[in-house]
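Residues per chain are reported as follows:
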Amino acid sequence: MPQRAEIRARADALRARFEAAGAVRVETSVLQPAEVLLDLYGEDIRARAYVTSDALRGEQMLRPDFTVPVVQMHMEHGAEPARYTYTGEVFRRQEDDAARPNEYTQVGFEIFARQAPADADAEVFALIRDALSPLDLRAATGDIGILKAAVQGLETTEPRKRALARHIWRPRRFRALLERYSGRAPVPPSRAALLADGDPLARAAPLIGLRSKAEVAARIAALREDAAATPISAVQVDLIDAILDVRETLPYALERLRDIAVDMPAITEAVFCLQDRIEALDKRGVDVGALEFEGSYGRTQMEYYDGFVFGFYAGTRPDLPPVATGGRYDALTRVLGQGREIPAVGGVIRPGLLLRLEDLA
Ligand SMILES: N[C@@H](Cc1c[nH]c[nH+]1)C(=O)O
């Protein structure tokens, strides 16, 4: 196992590479306000963050990543366009695998720019790829923007679209909802009984929970409305599946997605973005003909991603976490921007893992 000093030295060297690409060094506090920020990461990180309380500042967490605090800092007082780099420890509780560290160093690079998003995607990817060579890592890419557009384009009610969009990051729940909304899976018996009862509140037990009677009634009304909705058609479910099943090198994936877009025009714009990104990657010397694209890639990562997503993996050690990951998070800047927003993309490298793999090589 590499020593801390060694990891720090490598982190500094990687950060210097990002500085050479025009990034400004930034620092963020280790303790971050959990109440405001934790939701932005999604359920996986929510379950894994170390949260503690402070009498004056409320709930605090050990930073689970840098992107959210860096976005917050940029939206408060950053000039445009901007590029940042940082290094330091992040903290994530491990529950299943004791071999995985709960504290590790990241070195990151983030670009905030209104112009040429495809080129910014390609620049981040190429910079990280170069920093990882000569290790022979497998790169995976995907595009959450295509999935989001596909869900948005479904012919169904807004609440159903919202529920599916929220569960893009929980593949099993997403699947179950899709089955239910398309009528392929039956309504659960308890739900059916509730809906069959003309006035379930009249016979309900005394209210002892946190919800008021009005809230419970509103929820029942929403469930009734949902039960009356027209099922999502089998054709549309098949199209979603076709997107999730894409697993090809980039040019073939693009071709496949273009075909799907003929029947699902809602993804057309997102597919054009992919095409622009492929061209930008090619211009930066990335061998796009060999680069994999997976329709469902990124669904177990940070929930703030809404476009390009990527990761680099040790092909011979699938048990190890990715050595680098990143993606585009335009909407996150809106959430933290108090009325302002700016397209943004970035990624991180784990220098500790990089050193470990170099030792093994
Ligand atoms: N912050 C992300 C990586 C990232 C940086 N920028 C964009 N994505 C992580 O820790 O996984």
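So, how was this worked out
Residues numbered from 1 in each chain as written. Predicted model: local features only at pLDDT ≥ 70, side-chain atom pairs only at ≥ 80, totals over all residues. Heavy atoms only, no water. Helix = DSSP H or I, 4+ residues; strand = E, 2+ residues; numbered from the N terminus. Rg over C-alpha atoms; globule rule 2.2 N^0.38 Å. Buried < 20%, exposed > 50% of the residue type's maximum accessible area, 1.4 Å probe, protein only. Contact = heavy atoms within 4.5 Å. Areas by Shrake-Rupley, 256 points an atom, 1.4 Å probe, with all protein chains shown as cover. Pairing = 2+ DSSP bridges. Axes fitted to C-alpha atoms, helices over the stretch in contact; angles between N-to-C directions. UniProt positions renumbered as here; feature names shortened; annotations may be inferred. Polar contact = N/O pair within 3.5 Å; in protein donor to acceptor, adjacent residues only side chain to side chain. Near = heavy atom within 4 Å. pLDDT = per-residue confidence, 0-100. Expected span 1.5 Å × (residues − 1). Arc of directions from axis to C-beta. Parallel < 35°, antiparallel > 145°, perpendicular 65-115°, else oblique. Left-handed = near helix turned anticlockwise from the far one by under 90°.

A word on the overall build of the protein chain. Each helix and strand counted, the protein chain has 15 helices and 12 strands in total. For a compact globule of 361 residues, the expected C-alpha radius of gyration is about 21 Å, and the protein chain comes in at 22 Å, within 12% of that figure. Burial statistics for the protein chain: of 361 residues in total, 49% are counted as buried. Considering only intrachain contacts with a sequence separation of at least 6, the fraction spanning at least 24 residues in the protein chain is 70%. On the protein chain, roughly 18,100 Å² of surface is accessible, and the fraction owed to carbon and sulfur atoms is 52%.

Taken in spatial order, the three strands make up an open sheet running E2-E4-E3, and their pairing is antiparallel. Among the strands making up the open sheet, the edge pair consists of strand E2 (31-33) and strand E3 (51-54). Recorded for the sheet is a direction-independent mean angle of 40° between the axes of neighbouring strands. Bridging between E3 and strand E4 (residues 58-62) involves four bridges; their strand directions are antiparallel.

A few words on the UniProt feature "binding site: L-histidine" (unreviewed entry) in the protein chain. Within the UniProt annotation, "binding site: L-histidine" (unreviewed entry) is assigned to Asp65, Phe66, Thr67, Arg92, Gln106, Glu110, Arg299, Tyr304 and Tyr305. With respect to the helices and strands, the residue Asp65 is situated in the loop between E4 and helix H4 (67-77). Residue class for Asp65 comes out buried when judged on its relative accessible area of 2%. If we ignore the near neighbours within four places in the chain, the residues touching Asp65 are Tyr41, Val90, Arg92, Gln106, Met302 and Tyr304. Of the polar contacts made by the side chain of Asp65, one reaches the backbone nitrogen of Thr67; its length is 3.3 Å. For Arg92, the position within the fold is in the loop between strand E5 (82-91) and strand E6 (103-112). With residues up to four places along the chain from it excluded, the contact list for Arg92 reads Ile45, Arg48, Tyr50, Pro64, Asp65, Pro101, Asn102, Tyr104, Gln106 and Met302. A polar side-chain atom of Arg92 sits 3.0 Å from the main-chain carbonyl oxygen of Pro64.

Every one of the 16 residues lining the ligand counts as a neighbour, but Asp65, Thr67, Arg92, Glu110 and Tyr305 are closest to it. Note that a nitrogen atom of the ligand is positioned 2.8 Å from one of the side-chain N or O atoms of Thr67. Separating a nitrogen atom of the ligand from a side-chain N or O atom of Glu110 is a distance of 2.9 Å. Within the complex, the protein chains bury 96% of what would otherwise be the 300 Å² of accessible surface of the ligand. When contributions to the shell around the ligand are tallied by element, the ones reaching two or more residues are E6, strand E11 (324-328) and strand E12 (344-349).

Here the focus is the confidence of the model for the protein chain. Looking at the protein chain, pLDDT values average 94 and 99% of them are 70 or higher. In the model output, the complex is listed with pTM 0.94 alongside ipTM 0.99.

The next subject is the sheet that holds E5. Taken in spatial order, the nine strands line up as E1-E5-E6-E12-E11-E10-E7-E9-E8 in an open sheet, and their pairing is mixed. A single partner strand is all that each edge strand has here, and the edge strands are strand E1 (24-25) and strand E8 (247-249). In this fold helix H1 (residues 4-20) packs onto E1, E5, E6 and E12, with an angle of close to 5° to the strand it touches most, E6.

Take H1 next. The end-to-end C-alpha distance of H1, which contains 17 residues, comes to 24 Å, matching closely the 24 Å that a straight helix rising 1.5 Å per residue would cover. Those residues of H1 lying buried are Ile7, Ala11, Leu14, Arg15 and Phe18. Buried residues in H1, looked at end-on, bunch into an arc of 105°, giving them a common side. Turned more than 90 degrees from where H1 packs its buried face, Ala5 and Ala20 sit exposed. Tucked into the core, H1 has its buried residues touching E1, E5, E6, helix H5 (117-132), E12 and helix H15 (351-360). Looking one or two places after H1, you find Gly22, whose phi comes out positive at around 95°.

Let's shift gears to the packing of helix H7 (residues 158-166) against helix H8 (residues 171-181). Two numbers describe how H7 lies on H8: the axes approach to 9 Å, and their chain directions differ by 155°. As the angle between them shows, H7 and H8 are arranged roughly antiparallel. Both H7 and H8 take part in a crossing whose hand is left-handed. Across the interface between the two elements, Arg160, Ala163 and Leu164 of H7 pack against Phe174, Leu177, Leu178 and Tyr181 of H8.

For Pro200, the position within the fold is in the loop between helix H9 (189-196) and helix H10 (213-228). Along the primary structure Pro200 and Leu239 are separated by 39 residues, whereas in three dimensions their C-alpha atoms are 38 Å apart. Apart from residues no more than four positions distant in its own chain, Pro200 is found in contact with Leu194, Ile220 and Arg224.

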